[in-house]
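Working through the structure, step by step
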Amino acid sequence: MVKDSTAENPGQSVSPTQAILIHLICGVGLAVGFSVAHNVYFINLVSDPSHTLRLIWVIESPFVILLYSFFRQNPEKCSYLKAVIRGVLALPVGALVNALGAIALGAPVGSQYFQRTINWSLLMSLFTFVPPASVFGSSSEDWRRIFANTKPKGSLDYMICLPAHGAVVGAWFGAWPMPLDWERPWQEWPICVTYGAVAGYLVAMVASLVLILIQGGQQHPKSE
């Protein structure tokens, strides 16, 4: 039997319970990152954005990479280790894309912002690039369906597509206060952008779970 790359196979299917668990663990990973920065190093995004962002993405990355690699496409051809390696390699690649996109949209450039931009981009890569890389690898059809056409077809697609878009949209809204002449410390790059991205990511997680539950409810009557 030939399996369609866009259909959910046993290696890709995600039950509502699994989706809740994965999103919950990823959310806890973010909370742990913020907590370690605040309670162990006594810093936050305002006082030390670069170090705080580094702590967050370093703590969050194992959660995202290891969890999404379980749901890799074609598991009979792609081992778990290979999926993990794909996620690890996607982290810097996605960071480069996010950094270039941010700079193109007006992010400040300069030596004083270099570390901030790198660490922010690595966190954004975890939100946007790493999950699809761990699951789909280099499948252009799947990447195009999720990001170019924005047409998720199953529970796993929703889990990848919505949080990624939520993080980007949240970061964009978070950037709005930056040019305003309020002279507040949190207006510095990329503090409010990070808060916006994290908020958008978490809200989109919840939205994806709602859609997965609705989809599951619609499929059960059909199966009967």
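Residues numbered from 1 in each chain as written. Predicted model: local features only at pLDDT ≥ 70, side-chain atom pairs only at ≥ 80, totals over all residues. Heavy atoms only, no water.

This paragraph deals with the overall build of the protein. The secondary structure content of the protein amounts to eight helices and zero strands. Shown N-terminal to C-terminal, the secondary structure of the protein runs as helices and strands in the order α-α-α-α-α-α-α-α. Relative to its length of 224 residues, the protein is compact, with a C-alpha radius of gyration of 18 Å against a globular reference of 17 Å. Counting only C-alpha atoms and orienting by the principal axes, one finds that the protein spans roughly 60 × 35 × 35 Å. When burial is assessed residue by residue, the protein has 49% of its 224 residues classed as buried. For the protein, the exposed area adds up to about 11400 Å²; of that, 68% sits on carbon and sulfur atoms. Of note, the protein has its 13 positive side-chain charges centred 8 Å away from the centre of its 12 negative side-chain charges. (Helix = DSSP H or I, 4+ residues; strand = E, 2+ residues; numbered from the N terminus. Rg over C-alpha atoms; globule rule 2.2 N^0.38 Å. Buried < 20%, exposed > 50% of the residue type's maximum accessible area, 1.4 Å probe, protein only. Areas by Shrake-Rupley, 256 points an atom, 1.4 Å probe, with all protein chains shown as cover. Lys, Arg positive; Asp, Glu negative; His and termini not counted. Charge placed at Lys NZ, Arg CZ, Asp CG, Glu CD.)

Running from amino to carboxyl end, helix α4 (residues 111–128) crosses helix α7 (residues 155–174) at an angle of 145°, the nearest separation of the two axes being 7 Å. Along its contact with α4, which presents Trp120, Met124, Phe127 and Thr128, the element α7 presents Pro163, Ala164, Ala167, Val168 and Ala171. Within the contact of α4 with α7, the residues separate by chemical class into eight nonpolar, one polar and no charged. (Axes fitted to C-alpha atoms, helices over the stretch in contact; angles between N-to-C directions. Contact = heavy atoms within 4.5 Å. Nonpolar A, V, L, I, M, F, W, Y, C, P; charged D, E, K, R; others polar.)

What follows is about helix α6 (residues 140–148). Looking only at α6, the buried set comprises Asp142, Trp143, Arg145 and Ile146. One side of α6 carries all its buried residues, which in axial view fall inside an arc of 165°. Looking at the buried positions of α6, the neighbouring elements they touch are α5 (130–136) and α7. Thr150 occupies a position one or two residues after α6 and carries a positive phi of about 50°. (Arc of directions from axis to C-beta.)

Attention now moves to the packing of aromatic side chains. Applying the stated rule across the entire model yields nine aromatic pairs. Centre to centre, the rings of Trp143 and Phe147 are 5.7 Å apart; their planes meet at 40°, and the pair counts as tilted. Linking Trp143 with Phe147, this pair stays in helix α6, spanning four residues, or about one helical turn. Phe147 gets classed as partly exposed once you look at its relative accessible area, which sits at 28%. A connected cluster of aromatic rings, assembled from ring pairs, spans Phe129, Trp143 and Phe147. Over the ring of Phe136 we find Arg145; its NZ or CZ atom is 5.8 Å from the centre of that ring. (Phe/Tyr/Trp six-rings, centres within 6.5 Å; stacked < 30°, edge-to-face > 60°. Lys NZ or Arg CZ within 6 Å of the ring centre and 35° of its normal.)

Before going further, it helps to spend a moment on the pattern of salt bridges. Using the criterion set out here, one finds three salt bridges in the structure. Here Arg116 and Glu188 are joined by a salt bridge, their closest N and O atoms 3.8 Å apart. Residue Arg116 is located in helix α4, and its partner Glu188 is located in the loop between α7 and α8 (191–223); the two are separated by 72 residues in the primary sequence. What makes Arg116 buried here is its relative accessible area of 19%. The partner of Asp157 in a salt bridge is Arg145, and the shortest N-O contact between them spans 2.7 Å. With Asp157 in helix α7 and Arg145 in helix α6, this pair connects stretches of sequence that are 12 residues apart. Taken individually, Asp157 and Arg145 each receive the classification buried, so the pair is uniform in this respect. (Salt bridge = Lys/Arg side-chain N within 4 Å of Asp/Glu carboxyl O.)

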